[in-house]
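Read off the chains here:
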Amino acid sequence: MLSKIQPIARVICQNITGRFIHNPSARRTMKSGIRFSKTAKELPKVVASKDYSEPNSSWSQEMMKLYEQYIEKTKDGSWKKLPSYNRFLVLNEDGHFIDKFPPSKARLFTRNTEEEGSMFEYVVFANKVEKKAVGLFQSGDLLEGPSGFVHGGAIATIVDAVSGTLATYVAGFVMTASLNLDYKNPIPLGSTVIIECQLEKKEERKSYVNTRVISHDCTKLHTESTALFVSVNQKNPYQG
Ligand SMILES: CCCCCCCCCC(=O)SCCNC(=O)CCNC(=O)[C@H](O)C(C)(C)COP(=O)(O)OP(=O)(O)OC[C@H]1O[C@@H](n2cnc3c(N)ncnc32)[C@H](O)[C@@H]1OP(=O)(O)O
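About the thresholds
Residues numbered from 1 in each chain as written. Predicted model: local features only at pLDDT ≥ 70, side-chain atom pairs only at ≥ 80, totals over all residues. Heavy atoms only, no water. Pairing = 2+ DSSP bridges. Helix = DSSP H or I, 4+ residues; strand = E, 2+ residues; numbered from the N terminus. Axes fitted to C-alpha atoms, helices over the stretch in contact; angles between N-to-C directions. Contact = heavy atoms within 4.5 Å. Polar contact = N/O pair within 3.5 Å; in protein donor to acceptor, adjacent residues only side chain to side chain. Salt bridge = Lys/Arg side-chain N within 4 Å of Asp/Glu carboxyl O. Buried < 20%, exposed > 50% of the residue type's maximum accessible area, 1.4 Å probe, protein only. 1 Å grid on protein atoms, 1.4 Å probe; cavity = no way out; pocket = protein on both sides within 12 Å on 5 of 7 lines; lining within 4 Å. Points joined across faces, edges and corners; volume = space filled by probe spheres on them. Nonpolar A, V, L, I, M, F, W, Y, C, P; charged D, E, K, R; others polar. Near = heavy atom within 4 Å. Areas by Shrake-Rupley, 256 points an atom, 1.4 Å probe, with all protein chains shown as cover.

Enquirer: Kindly report on the sheet that holds strand β7 (residues 192–203), identifying the contributing residues and their values.
Expert: Ordered by their spatial adjacency, seven strands build an open sheet running β3-β4-β5-β7-β8-β9-β6, and the pairing between neighbours is antiparallel. On the outer flanks of this sheet lie β3 (80–82) and β6 (174–183), each paired with one strand and no other. With strand direction ignored, the average angle separating the axes of adjacent strands in the sheet is 25°. Summarising the sheet, β7 and strand β8 (residues 206–215) pair through 10 bridges and their orientation is antiparallel. In the strand pairing of β8, E203 is matched with K206. Docked against the sheet, helix α2 (residues 61–74) engages β3, β4 (120–127), β5 (132–139) and β7, running at close to 20° with respect to β4. Each of β3, β4, β5, β6, β7, β8 and β9 (221–231) is contacted by helix α3 (residues 152–171), which is oriented at about 135° to β6, the strand it contacts most.

Right, dumping it as structure tokens:
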């Protein structure tokens, strides 16, 4: 088992709480719902990789200004900046990687390029008490749909990613069961928008999230969305 998982372990390192798995011998229950048992000490050390939600030179002034506003909000502990990597680590309840983990070339769809600014530049902040998340999203040239505007599928992707992050943050491992979008106004390619997500209600395994995508200056509503996320045993999604 160990020889199989070592190559994967070098690449991935994420849990949604932002805590890295640098101490495999620790026995604890992660807030994400991914449970580590004492057998986790058999796992190789997992090394942190790049946090793609850190600012880079492609970020616009608008993106940076909003980022700094939200960083300010993290200072009293009410909001938390969630890190973002290009793989998602899933362990079973015994602390081992699940059998059907994607091959090592797999990348999170929204983090699949090293070319800064070309696709999805985004960062997510979350407030657990208020059950809210805010995504700051700057669209890159490779996300074009209608000339000069962002593709509707790319908008759905980033709304799914940010609202799904909120659902994961409050409910643990989830899958998107439904995602409904109303496109109100096109998003200019290259612009920065704010993605505001609110957990509307949670009923047992079901988390309902409402989302609004607005312009960086809050003057225009671009998209509205409702989504249902269903909590699943983390082993299920990869069982054929
Ligand atoms: C770094 C972190 C990043 C996090 C962000 C990630 C965002 C991206 C997330 C994704 O893209 S996930 C990929 C896209 N989604 C899928 O491929 C999911 C495919 N569907 C499934 O796997 C299953 O249908 C699902 C897990 C959603 C539910 O199957 P289950 O067998 O586990 O549950 P079940 O069918 O019993 O439904 C549980 C409850 O949800 C309800 N439900 C399920 N699907 C529904 C639906 N579509 N609409 C309304 N209700 C639904 C269902 O009625 C039931 O309600 P009750 O408990 O009240 O009876």
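Enquirer: Help me get a handle on the side chain of H222, residues and values and all.
Expert: For H222, the position within the fold is in strand β9. Within polar-contact distance, the side chain of H222 engages the backbone oxygen of P186 at 3.1 Å. When sequence neighbours within four positions are dropped, the list of residues in contact with H222 reads D182, Y183, K184, N185, P186, I187, P188, V193, V213, I214 and S215.

Enquirer: Which residues make up the pattern of salt bridges, and what values do they have?
Expert: Under the criterion given, the structure shown has eight salt bridges. A salt bridge links K81 to E54, with the shortest nitrogen-to-oxygen separation between them at 3.1 Å. With K81 in strand β3 and E54 in the loop between β2 (35–36) and α2, the pair connects residues that are 27 residues apart, well separated along the chain. Judged by its relative accessible area of 16%, K81 is buried. Given a relative accessible area of 38%, E54 falls into the partly exposed group. A salt bridge links E224 to K184; the shortest N-O distance between them is 3.9 Å. Taken as a pair, E224 in strand β9 and K184 in the loop between β6 and β7 lie far apart in primary sequence, 40 residues in all.

Enquirer: Could you give an account of the layout of surface pockets, with specific residues and numbers?
Expert: Size it by volume and the second largest pocket reaches roughly 170 Å³. For the second largest pocket, the lining is made up of 19 residues, of which Y52, R111, T113, F120 and E121 are closest to its centre. A breakdown of the residues in the lining of the second largest pocket according to their chemical character gives five nonpolar, six polar and eight charged.

Enquirer: Before we move on, could you go through the site of the ligand and cite the residues and values that matter?
Expert: The immediate surroundings of the ligand are formed by 16 residues, with D160, T176, A177, R205 and K206 found nearest. Between the ligand and the protein, one listed contact pairs a nitrogen atom with a backbone N or O atom of A177 at 3.2 Å. Within the side chain of K206, a nitrogen or oxygen atom sits 2.7 Å from an oxygen atom of the ligand. When the ligand sits alone it has 1200 Å² of accessible area, and the protein chains cover 47% of it. Going through the elements one at a time, α3, β6 and β9 are the ones with two or more residues in the shell around the ligand. Broken down by element, the residue count for the shell around the ligand peaks at five residues, all from α3. Residue classes in the shell around the ligand are distributed as eight nonpolar, five polar and three charged.

Enquirer: Describe the environment of E54, with residues and values.
Expert: When the C-alpha atoms of E54 and E115 are compared, they prove to be 14 Å apart, with 61 residues separating the residues in sequence. Discounting chain neighbours no more than four positions away, the residues touching E54 are W59, Y67 and K81.

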